[in-house]
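So you can see what is in the structure, the chains are spelled out below.
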Amino acid sequence: METKNTKTYIFLFLTAAIWGGAFVAGKIATATLHPVSVAFFRFFGASLILFPLLYWKEPNLPTPTKKDWGVFALLGLTGVFLYNIFFFIATKYAPIVKSSLVIAVNAPLITLLSALFLKEKMNGKSILGMVMALFGAVYIITNGHPSVLIQIGIAPIDLVLVGACFSWSTYSVIGKVAMKKYSPLASTTYATGFGTLFLAPFALHYTSFTSIQASGWDVWLSVLYVAVIVSAISFVWWYNGIQKVGASTASIFINVMPISASIMGTIFFNEQLNLAHTIGAAFVFGGILLNIYSKQTRFSIQRH
């Protein structure tokens, strides 16, 4: 494994692991707060951290042009506003298996869009690695019974799930375009700012004084976690990974999320880990390693 990218892979792994913990935090936070309220507080809190950090770390940041503002607004619309709205509707009305699959499907969709619009190259080994990791994630989500997906069938809510997938995938791909001129920190900060603005009117409608009063320290600690760790820190790591190794390679790490969510569920909700989790995790990690190996092999051949 090439040394210069090892750190990037570690941070991509940590990002996916942290996002898996967001399911636990979200479950706690939405006990008293509306999901849209949680989303707004999450990104509003992240904005309070990211903007001062951006102007401290990058004091000579270029003034965005109208086109740049448009790209940032699109990032905020897709990755923050639309994705959260679609995902929260899905978690409320779709079977848990289906809403969880949004995570797994994001990886191949990002890879496909990256190949189409960013001209990122794929080879046989990287495709096999992606399929392995996807299978592992599906195996975990369905608790070792992938055939359950056929039994559930297709429903109108699936259009919302498709919307969630395309929103996050578009956000990841457009982010690569934004980072041709701006850093991962700047891209994340401006996207978060726009996303917060888009969520604000909905938060005003769904947030009541009673729900805020009813929220204990565990709820606000969960909101703080998704604001600081999930949204501010790991979003920057995600874009940094996309900038360094490409959107298609970064996307395969998304499959770590179901593993992390399962482990977190065991710790916080006394859920049981079983053989399906172990088998699924083996496929996920095997797929990730194969994908990375395929990229390193191609890089080595190109150098020689």
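All values derive from a computational prediction rather than experimental measurement.

Rules behind the numbers
- Residues numbered from 1 in each chain as written.
- Predicted model: local features only at pLDDT ≥ 70, side-chain atom pairs only at ≥ 80, totals over all residues.
- Heavy atoms only, no water.
- Core = buried A, V, L, I, M, F, W, Y, C linked by side-chain atoms within 4.5 Å.
- Buried < 20%, exposed > 50% of the residue type's maximum accessible area, 1.4 Å probe, protein only.
- Contact = heavy atoms within 4.5 Å.
- Helix = DSSP H or I, 4+ residues; strand = E, 2+ residues; numbered from the N terminus.
- Axes fitted to C-alpha atoms, helices over the stretch in contact; angles between N-to-C directions.
- Parallel < 35°, antiparallel > 145°, perpendicular 65-115°, else oblique.
- Left-handed = near helix turned anticlockwise from the far one by under 90°.
- Nonpolar A, V, L, I, M, F, W, Y, C, P; charged D, E, K, R; others polar.
- Patch = residues over 30% accessible without salt bridge, like charges linked within 9 Å, V, L, I, M, F, W, Y side chains within 5 Å.
- Areas by Shrake-Rupley, 256 points an atom, 1.4 Å probe, with all protein chains shown as cover.
- Salt bridge = Lys/Arg side-chain N within 4 Å of Asp/Glu carboxyl O.
- Expected span 1.5 Å × (residues − 1).
- Bend = angle between axes of the 7 residues up to and from the residue.
- Phe/Tyr/Trp six-rings, centres within 6.5 Å; stacked < 30°, edge-to-face > 60°.
- UniProt positions renumbered as here; feature names shortened; annotations may be inferred.

A.B. asks: So what exactly am I meant to see when it comes to the nonpolar core here?
C.D. replies: Most often, soluble globular proteins have nonpolar side chains that are buried together. Residues W19, L75, W168, L199 and W238 are the most contacted members of the largest nonpolar core, which totals 72 residues. What L75 contacts, discounting residues up to four positions off in sequence, is V80, Y171, I174, G175, A178, S187, A191 and Y239.

A.B. asks: Sorry, what's going on with the environment of I141 here?
C.D. replies: Here I141 lies in helix α5 (residues 124–141). Given a relative accessible area of 15%, I141 falls into the buried group. Spatially, the C-alpha atoms of I141 and Y171 are 24 Å apart, while their sequence positions differ by 30 residues.

A.B. asks: Looking at this structure, I do not really get the packing of helix α2 (residues 35–57) against helix α8 (residues 184–206). What am I missing?
C.D. replies: When two helices pack together, their arrangement is given by the angle between the helix axes and by the axis-to-axis distance. Their axes nearest at 8 Å, the elements α2 and α8 cross at an angle of 150°. Considering the angle they form, α2 stands roughly antiparallel to α8. Considering the relative orientation of α2 and α8, their crossing is left-handed. Residues of the contact of α2 with α8, tallied by class, amount to 19 nonpolar, seven polar and one charged.

A.B. asks: Explain a nonpolar patch on the surface to me, please; I cannot follow it from the model alone.
C.D. replies: Together, I263, I267, F268, F269 and L273 make up an exposed nonpolar region whose accessible area comes to about 470 Å². Structurally, the position occupied by I267 is in helix α12 (residues 257–269).

A.B. asks: What should I look at first to understand α8 in this one?
C.D. replies: Because each turn of an α-helix spans 3.6 residues, side chains separated by three or four positions in sequence point in the same direction. Compared with an ideal rise of 1.5 Å per residue, which puts 23 residues at 33 Å, α8 spans 32 Å between its outermost C-alpha atoms and is within 8% of the ideal. Along α8, the helix axis deviates most sharply at A200, where the bend reaches about 40°; the proline P201 sits within four residues downstream.

A.B. asks: When you look at unusual backbone geometry in this model, what are you seeing that I'm missing?
C.D. replies: Where the residue is not glycine, phi is negative for most of them; where a peptide bond is considered, it is trans in most cases. A positive phi angle, close to 60°, is found at K119, a residue other than glycine. Structurally, the position occupied by K119 is in the loop between α4 (96–117) and α5.

A.B. asks: What is the right way to look at the pattern of salt bridges in this model?
C.D. replies: Between side chains of opposite charge, pairing is possible as soon as their charged atoms come close. Counted under the stated rule, the structure contains two salt bridges. For D68, the salt bridge is made with K181, and the minimal N-O distance between the two is 2.7 Å. With D68 in helix α3 (residues 66–93) and K181 in the loop between α7 (158–178) and α8, this pair connects stretches of sequence that are 113 residues apart. Residue class for D68 comes out buried when judged on its relative accessible area of 11%. Accessibility expressed as a relative area gives 46% for K181, which makes it partly exposed. The salt bridge involving E120 is made with K176; its shortest N-O contact spans 3.4 Å. A residue pair is termed long-range when its members are at least 10 positions apart, and E120 in the loop between α4 and α5 and K176 in helix α7 qualify at 56 residues. Given the relative accessible area of 22%, K176 is considered partly exposed.

A.B. asks: Would you mind showing me how to read the packing of aromatic side chains here?
C.D. replies: Under the definition given, this model contains 27 aromatic pairs. Plain terms: the ring middles of F72 and Y190 are 4.7 Å apart, the flat faces sit at 35° to each other, and that makes the pair tilted. Here F72, found in helix α3, pairs with Y190, found in helix α8; they are 118 residues apart in sequence, far enough to count as distant. An identical accessibility class is assigned to F72 and Y190; each is buried. Taken together, the aromatic side chains of F51, W69, F72, F81, Y182, Y190, F194, F198 and F202 make up a single cluster linked through ring pairs.

A.B. asks: What's the story with the UniProt feature "domain: EamA" (unreviewed entry) in the protein chain in this structure? I'm lost.
C.D. replies: Here, the residues flagged by UniProt with the feature "domain: EamA" (unreviewed entry) are residues 7–141 and 158–292. Split by type, residues 158–292 is 85% helix and 0% strand. Its first and last C-alpha atoms lie 32 Å apart.

A.B. asks: Help me understand the environment of A191 in this model?
C.D. replies: When you line up the elements, A191 lands in helix α8. Taking the C-alpha atoms as reference points, A191 and L74, separated by 117 residues in sequence, lie 7.8 Å from one another. Ignoring sequence-local partners within four residues, the contact set of A191 consists of F72, L75, G76, V80 and Y171.

A.B. asks: Would you mind showing me how to read the packing of α7 against helix α10 (residues 217–245) here?
C.D. replies: The interhelical angle for the contact between α7 and α10, taken along N-to-C directions, is 60°, at an axis separation of 9 Å. As judged from the angle between their axes, α7 and α10 are oblique. Between α7 and α10 the crossing geometry is right-handed. Mapping the contact onto sequence places W168, Y171, S172, G175 and K176 in α7 and F235, W238, Y239, I242 and Q243 in α10.

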